[in-house]
Structure formats: structure tokens, C-alpha cells
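Reading the structure
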Amino acid sequence: MAAQLNLSGPPDSDLSSLTDQSVSSRPSNRSLRVAEKERRKNKAEDPSVLALKYFADVEAGTPLAGNDEVERNLVLVEKVAYRNGLSPEAISIMLEFAMSLRMGHGLCPRVLKCLIPVTVVPQEAVVRAVAWLTVGKIPVSTQVLFIKWVLTVFDMIDAKDQLRAIYGFIFSFVSEENLCPFICHLLYLLTTKHIGKSHMFTPEKSGRQPFLLNLLSLYKVFCPELVTLSIPSRSKSVFKNHNMPWKSALIAVQKRNGSQVASSISLASASKDRTNRRKRKHHHLELPVLSSVVNKEPQTETSRRLVPLVQIQSVAELLENMDHIELPAQMGSLLGSSLALQYLDCVQDESALLRLNFWLGYALHEELLFCGDGGASQNSEESLQFLDKLLSTQHFLQEGFSSSEAFLYKFLNVWDGSLLRPQILGLLSNIPVVPSSQMGRLLFEPLMQLFFTSCVFFKCGVIECLNNMLLKWLTWHSVYTLEDDLDISLNSHTSINMTLSGFRDSVKELVDFVGRLASIGLQLEGCHSLLLNFILDFYTMVCDTFLKYGLPLVVMPPPGVFYPALFATDPVSVDRLAFIMYRYKVNLTSAKSQEKLSEQAFHISRQTFREFNNYTVYMVNCLWNSKMFQPGMGVQLGEELLLKSNVPQYWKSFDLVHHPAFMSYAVDFHQKVSVGRLGVPLSFH
């Protein structure tokens, strides 16, 4: 038995090597037997092995007070546990000793805190320990500590079938007030669509605690007909990380052994900086390795054979086992697997997205929102890689995550506009449609403060972000519009709907907001050509919302955008403005004709037509008719002021021949036609 109690596992490679040598050389058989005997003798005399043997054989009722032997053996086990970790056999022995209370409950917390696994945790040991909870002799604080340990090493448990078999037994502890938050978290991890439907409860009896509602939200995904309680679709995740008693020790063992521990502790590979109580080191942003949750032979009793996602190697295998996929317990690992993303995209599994949102919400809030500036600057590369992976995932799924959306609304209020700017603006462009009544508080106010106090390049980034946001909104509208009730689904994996009028109001609010930003931004930056280019990109899409995206809405650009573009010094801006006005004409003409033919067509206000007509008349008079600054025009200057400018024929200053944007073309044409052929000198009048 002593040979089986090795803390870090027997060196099988040495034994196999010796066996190979015995086959090849018979004269050395005796020396091999002597060496093997000596090896077993040394192992049996190992103090740590003897210490484990003591805890395996100690009898119930052995007194603890004045027992130097138990203290000496426990110190040996702790020394090995904190240095190299405990083998599965050692975990089983020490867990059984602690939960059986053979020497009372005094040593139980101390033993639980030193259960640092080096590889995996035997499922049978956890099941036996759960059974000891019913004895009623274990203090409540120790029971809570045990459940916290199970949650910490959950991903390291070698199988979950036996734990799910006693799901109902674990569920019975929901009624225990002190254990309920942790039991709900454990049940949340164990729940699958194949779990029985009998495990339901009424949260009114328990005060509607958040952790109960979080578990109920998962039940409602699997059995919506049995959960009639209204649960917010974007309720805050309340399950906390309970790995603090084992965190630093697991990290040390992981680094010392040179392997990645596939557990929730791998979310944090460095201890917390004691100099800053709220500072984080961004190591929660490391994506866990995609590992198997169920490590057992295929079930023969049932027709439903669960296949761990990590075993799927191709799309063909994924399609064959689409209904039998077992998701990993650490949902963050899905972000690093293309096949896992294919599964999320093909299967309408709200439970998977619910769990993934829970993991993302914790990582984003703890490691970016609540971190200090020092941690951010020291680990910006890690944060950048994580956010880039999140962005690529959202682009693949063609939708954002509710957890990242909630994070952004909070992060915008503390963001300095420079930290991870491309990634934050990229995530911001992926948020779904926001109700018009909430857009000002959630988006407009924090963005305005950053926009007006930042450089021109940040202003361009914000305009591009809002442009991409509007593009996704209009694309969602054109794809998910329901013909019957004109409701649109804002997210293909949720049931959140918005009426067409509500969606139109949100789009109009966004367009008007960009118009205000653009008008003031051009004034602040002196009509910067780069900023004007991004603004015209935005209105190139806005002018076609009716014909290209099927949205019954036409919004004209404000004067603060139209006139700077018309009087721009670069020809590209004037050319793009002309194209935008042409597309506005096509959209308005089409909408007007439909309004005459059908009563269901939307009505365009006279103000919209008046704005378009004014812009068109001014643009034609300015560029073609050479009637600049005439009475009744959009831009007027006093006659005295115009005369003082000493500009001859000022009314022709912005026609096609004399416009500053086209002056280079006029000069070039004049040189090619006049100079060299007729010898006519250049004239700029």
C-alpha cells in the first residue's frame, strides 16, 4: 500500500526502462531484482509516504490534543502539497480523513486548505466527501470551505457523471441558508439539458436572492415551460470567485511543474499586488485551454452519448455529434477554438451563451474595469490580445455579447480615450440597438466628453466607430425584420424585440448625435480634411437607409457638415458631397412615389424636403450658376463686407471654375490648352 501512496506518482518510466534491459540481458536479472527491491524499500521509508499511510490508517476517535504524531505527519503533507502538489491518491486519502472527522473537526479546515492537486482530482473522492455532509457533525463554516474547494478544482475533477448522478442530493442543500450561494454555483456548473426537470424551486420563498435567480435563468433556458418567473435577460452575474485560499498555492505548483492547471485558478496566474487593494494583473484575461469535462467511457445504458468538445477535430465530426456535445466547464476556452465558435453559431444553445457571458463579465469587470492604471500599463499586451480575440469572436458570430456591452457602458465613464483605443472602439461598434430613451445616458454623455477633449485622430476613430455601429444596426434590421408584425430581433440568440418605430427612433437619435459631434468637431479642428472624410463616410450610408437597408427614414446632414464639405479645399470632399446629395434625391423620390401608391408607406416630413431643396438650390447656384451670396441663400454676407474683401466678382468665387477645390484642375487645364499652343498667359481671374 505504501507504494500507492506516493504524493507525486510512481516513476513508471524508470521501471519500464529496467524491464526492457532485463529482456535484453539475462545476466543482469539479479541486479535488476536487487535494484527494484531497494527502490521499493526507499519509497516505503519516504517520510511523506509514511505520513499519508498514517492518515489512511488512523482510527476514528483518536485524540487530537497532545498528539505530536498527527502534527508531524500533517506538516510533512503540507510541505509536499505547497511545494509540488498532491497526487490523486493523496487527495483521496486526505479528503476522506478531513470529512470523516476521525480526529474531530479541528484539523478539517487546515487539511482542506492544503488540498493542492498536481494533476486531477478523483471524482469518487469528491462524491464520498459530499456524502459526509449529511452526517450533520461538520461545522457550517467547514462545509462552506469544502464547497469552495470543489468550485476551485471543478475543472480538474477527472469526470462529472457520478456528481451529476447525485444532482438531486446536492440540490437538497439549497434550503441551507449558509450553503445556498455556493450550492447554486455548483449546480450551475453541473446542470445540463439532460438533467431531470424535477429540480425546481420557488424563489419567492427564498427572497429572490440573485444567486437563485442566476440558477433559475439556466433552468429557464432548458425548461421554459416550468419556470414562469420573469427573469431579466441581462441580469448581472452574481457567482463570485472562491479560490482565494488555494489561489497562490495552485499558481506556484503550476509554475513549478511547468504545466497549465485546467481549472478556474488558471484564470489568475499571478498573486494580487498587496500594495493596491483593487489592482489586478490582467491574468484573468488568459484564455483557458479547451479541455474535456467528462473523462469516461461512452455510456452504453443510454442512447445519448456525450462527446467532449475537445475531442472534436473537424467540422464533419461536429455535425455528426451536434446533439451530443459536452461543453467544457471553463467556457472562456471556447474563444480560442474555431470549432467551438462554429458550434455556438450553428446551435441555438442559450445555456452556452449564458455561461460564456458569465465568464466574460467576470474577466472584463475584474481585470479591466476594477484595475489600477499601473496594472493596465504593465499588462497592456495581454489585455490587447484578449480583446482582439474577443473582437474576432464577435465578428465571427456577427453579434456582440451582453456582458461586454454592460462592461462598455461602465468603462466609458472611466476611460481616458487612449488605453486600448482600437479594441474598445471596436467592441463599442458591436453593441446591439439601444433604446432611444437610454442612448443619452449610456453612450452620448461619456462619448461627448471624450470627443471634445481629444485629438483629431480620436475624433476620427469615434466617427468611424459610430459609422460601423450604424452599419450593423441597419444590417440587423434588413436581416431580422419580421414581415408579419414589423418587429426586429436585436440578437439572434435572444428574444429581445423592438418595434419598427422604436428602432427607427434609435437610429435617428444616433444620426442626430453624430451630426452634432461632426458640426462641433469640424469647428474645433478647423474643418480638418481627415475628419471631414470620416464624416462623409457616415453620411454616405445615411443617405441610402431607405433604398439600401429598407428603413423608412431619411435624415439630412446638418448645416455644420454640408457647408464645410461644399467649401472644402480638396476636390474629393466636394465630389462626395455631390454624390451624397444625389443619393438623397433618389431615396426621397422613391419614398415619395411609394407614399402616393400605398397608404402603408411612411410619411416624410415637409421639413426634410425643405432642407434637401435648400441644400440643392444653394449647391447648384454656387457651383453652376455662379450666384454666390445672393439674397435668400443659406449663407449670406453683408454687401459692405464683401466689398471690403476686394475679391473681384466674388459671386463666382466658388463655381466650378474658381472653386478652391478645383483650382488645381483649372490651372492644369489652362496650361495644357493655352500655354504652348496659343501663348496665352495664365490668368486666375
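Keep in mind that what you see is a predicted model, and the values were worked out from it rather than measured. (Residues numbered from 1 in each chain as written. Predicted model: local features only at pLDDT ≥ 70, side-chain atom pairs only at ≥ 80, totals over all residues. Heavy atoms only, no water.)

Some thoughts on the overall build of the chain
Put simply, the rule is: Secondary structure elements are defined from DSSP: runs of H or I of at least 4 residues count as helices, runs of E of at least 2 residues count as strands, and each element is numbered from the N terminus. Buried means the residue's accessible area, taken with a 1.4 Å probe over protein chains only, is under 20% of the maximum for its type, while exposed means over 50%, and partly exposed covers the values in between. By definition in these notes, contact holds between two residues if any of their heavy atoms fall within 4.5 Å. Note on areas: Shrake-Rupley with a 1.4 Å probe; residue coverage comes only from the protein chains shown.
Each helix and strand counted, the chain has 29 helices and four strands in total. Counting only residues that meet the buried cut, the chain has 49% of its 685 residues in that class. Contacts spanning at least 24 positions in sequence make up 71% of the contacts within the chain whose residues lie at least 6 apart. Element-wise, carbon and sulfur atoms account for 54% of the exposed surface of the chain, whose accessible area totals about 33500 Å².

Some points on helix α23 (residues 500-524)
Just so we agree on the cut-off: Here a helix's expected span is defined as the number of its residues, less one, multiplied by 1.5 Å.
When the terminal C-alpha atoms of α23 are compared, their 36 Å separation across 25 residues agrees well with the 36 Å that a helix rising 1.5 Å per residue should span. Among the residues trailing α23, Gly 526 stands out with phi positive, at a value near 65°.

Section: the pattern of salt bridges
Quick note on the threshold: A side-chain nitrogen of Lys or Arg and a carboxyl oxygen of Asp or Glu constitute a salt bridge if their distance falls within 4 Å.
Across all of its chains, the model carries eight salt bridges by this definition. Here Glu 525 makes a salt bridge to Lys 459, at a shortest N to O gap of 3.1 Å. Pair noted here: Glu 525 is in the loop between α23 and α24 (529-542) and Lys 459 is in helix α22 (residues 456-480), with a separation of 66 residues, a long-range link. Take Glu 525: its relative accessible area is 24%, and that puts it in the partly exposed class. When its relative accessible area of 1% is taken as the criterion, Lys 459 is described as buried. Note that Arg 576 and Asp 537 form a salt bridge whose closest N and O atoms lie 2.2 Å from each other. Of this pair, Arg 576 sits in helix α26 (residues 571-597) while Asp 537 sits in helix α24, placing them 39 residues apart in sequence. It is possible to trace a salt-bridge network through shared partners that takes in Glu 71, Glu 78 and Arg 110.

Examining helix α15 (residues 338-346)
For α15, the complete set of buried residues consists of Leu 339, Ala 340, Leu 341, Tyr 343 and Leu 344. Looking at the packing, one finds that the buried side of α15 touches α14 (315-320), β2 (325-326), α16 (350-369) and α18 (380-397).

Digging into a positive patch on the surface
Stated precisely, the cut-off is as follows: The patches reported here contain residues having more than 30% relative accessible area and no salt bridge. Joining distances are 9 Å for like charges and 5 Å for nonpolar side chains (Val, Leu, Ile, Met, Phe, Trp, Tyr). Here Asp and Glu are counted as negative and Lys and Arg as positive; His is not counted, and neither are the chain ends. To locate a charge, take NZ of a lysine, CZ of an arginine, CG of an aspartate or CD of a glutamate.
Taken together, the side chains of Lys 592, Lys 596, Arg 606 and Arg 610 define a basic patch exposed on the protein surface. Mapped onto the positive patch, the elements with two or more residues apiece are α26 and α27 (606-623).

Points about the packing of aromatic side chains
Each pair of aromatic rings is reported with the distance of its centres and the angle of its planes. Put simply, the rule reads: What counts as a ring pair is set by centres within 6.5 Å for rings of Phe, Tyr and Trp (its six-membered ring), and what kind of pair is set by the plane angle: stacked under 30 degrees, edge-to-face over 60, tilted for all other angles. A positively charged side chain is recorded as over a ring if its NZ (Lys) or CZ (Arg) lies within 6 Å of the ring centre. The angle to the ring normal must also be within 35 degrees.
Scanning the model with the defined rule gives 18 aromatic pairs in all. Judged by centre distance (3.9 Å) and plane angle (15°), the ring pair of Phe 444 and Phe 513 falls under stacked. Placement of Phe 444 in helix α21 (residues 436-452) and of Phe 513 in helix α23 is noted, with a sequence separation of 69 residues between them. Pairing Phe 567 with Tyr 618 gives two aromatic rings, centres 6.3 Å apart and planes at 70°, and the pair type is edge-to-face. Highlighted residues: Phe 567 in the loop between α25 (559-566) and α26 and Tyr 618 in helix α27, separated in sequence by 51 residues. Judged by relative accessible area, Tyr 618 falls into the buried class, the value being 1%. Each residue in the set Phe 562, Tyr 563, Phe 567, Tyr 615 and Tyr 618 is aromatic and connected to the rest through ring pairs, giving one cluster. A cation sits over an aromatic face here: Lys 160 above Phe 154, 4.8 Å from the ring centre.

Observations regarding the nonpolar core
Most often, soluble globular proteins have nonpolar side chains that are buried together. Note the cut-off: We call a set of buried residues a nonpolar core when its members are Ala, Val, Leu, Ile, Met, Phe, Trp, Tyr or Cys and they connect through side-chain atoms within 4.5 Å of each other.
Core analysis: the biggest nonpolar cluster contains 114 residues, and Trp 473 and Tyr 584 have the highest contact counts within it. By residue number, the principal contributor to this core is α22, which donates twelve residues. Not counting chain neighbours up to four residues away, the residues in contact with Trp 473 comprise Ile 431, Pro 432, Val 433, Val 434, Met 439, Phe 503, Ser 506, Val 507 and Leu 510.

What about unusual backbone geometry?
Although it is not a glycine, Leu 101 sits at a positive phi angle of roughly 55°. Among the secondary structure elements, Leu 101 is positioned in the loop between α5 (88-100) and α6 (108-113). Of note in the backbone geometry, Cys 527 takes a positive phi value of approximately 55° without being a glycine. Inspection of the secondary structure puts Cys 527 in the loop between α23 and α24. You can call Cys 527 partly exposed: its relative accessible area is 39%.

Overview of the packing of α24 against α25
Note the cut-off: Note on geometry: axes are C-alpha line fits, over the in-contact stretch for helices, and angles between N-to-C directions span 0 to 180 degrees. An angle counts as roughly parallel when it lies under 35 degrees, as roughly antiparallel when it exceeds 145, as roughly perpendicular when it falls between 65 and 115, and as oblique in every other case. Here is the rule for handedness: rotate from the far helix to the near one, and if that takes an anticlockwise turn smaller than a right angle the crossing is left-handed, while a clockwise turn gives right-handed.
At their nearest, the axes of α24 and α25 sit 11 Å apart, and the two run at 120° to each other. Looking at the two axes, α24 sits oblique to α25. Of the two elements, α24 crosses α25, and the hand of that crossing is left-handed. Contact with α24, carried on its side by Leu 532, Ile 535, Leu 536 and Tyr 539, involves Val 561, Pro 564 and Ala 565 of α25 and no other residues of that element.

As for the packing of α23 against α25
For any two helices packed against each other, one specifies the inter-axial angle together with the distance between the axes. Basically, it comes down to this: Each residue gets one label: Ala, Val, Leu, Ile, Met, Phe, Trp, Tyr, Cys and Pro are nonpolar, Asp, Glu, Lys and Arg are charged, and the others, such as Gly, are polar.
Running from N to C, α23 and α25 cross one another at 50°; their axes reach a closest spacing of 8 Å. In terms of orientation, α23 and α25 fall into the oblique class. Together, Gly 515, Ala 518, Ser 519 and Leu 522 of α23 and Gly 560, Val 561 and Pro 564 of α25 make up the contact between the two elements. Here the contact of α23 with α25 is composed, by residue class, of four nonpolar, three polar and no charged.

So, the environment of Ala 131
Within the fold, Ala 131 resides in helix α7 (residues 123-132). Judged by its relative accessible area of 41%, Ala 131 falls in the partly exposed class. Spatially, the C-alpha atom of Ala 131 lies 9.3 Å from that of Ile 170, the residues being 39 residues apart in sequence.

Quick notes on the environment of Asp 323
Residue placement: Asp 323 occurs in the loop between α14 and β2. Between the C-alpha atom of Asp 323 and that of Leu 306, which follows or precedes it by 17 residues, the distance is 8.6 Å.

A short note on the side chain of Asn 321
Here is the rule we go by: We define a polar contact as two N or O atoms separated by no more than 3.5 Å, with the added condition that, inside protein, one atom must be a possible hydrogen donor and the other a possible acceptor, whereas residues neighbouring each other in sequence contribute only through side-chain atom pairs.
Tracing the backbone through its elements, the reader meets Asn 321 in the loop between α14 and β2. There is a polar contact of 2.8 Å between the side chain of Asn 321 and the backbone oxygen of Glu 317.

Digging into a nonpolar patch on the surface
There is a patch of nonpolar side chains on the surface, built from Val 620, Trp 624, Leu 656 and Val 657 and spanning about 410 Å² of accessible area. Mapped onto the secondary structure, Trp 624 falls in the loop between α27 and α28 (639-644). Looking at Trp 624, the relative accessible area reads 64%, which means it is exposed.

Let's talk about the side chain of Gln 143
Relative to the helices and strands, Gln 143 is located in helix α8 (residues 140-152). Taking relative accessible area as the criterion, Gln 143 reaches 10% and is therefore assigned buried. Ignoring any residue separated from it by four or fewer positions in sequence, one finds Gln 143 in contact with Leu 133, Ile 138 and Leu 179.

Description of the environment of Trp 132
Of note, Trp 132 is situated in helix α7. Accessibility expressed as a relative area gives 27% for Trp 132, which makes it partly exposed. Separated by 33 residues in sequence, Trp 132 and Met 99 place their C-alpha atoms 6.1 Å apart. Only 3.3 Å separates the side chain of Trp 132 from the side chain of Glu 96, close enough to count as a polar contact.

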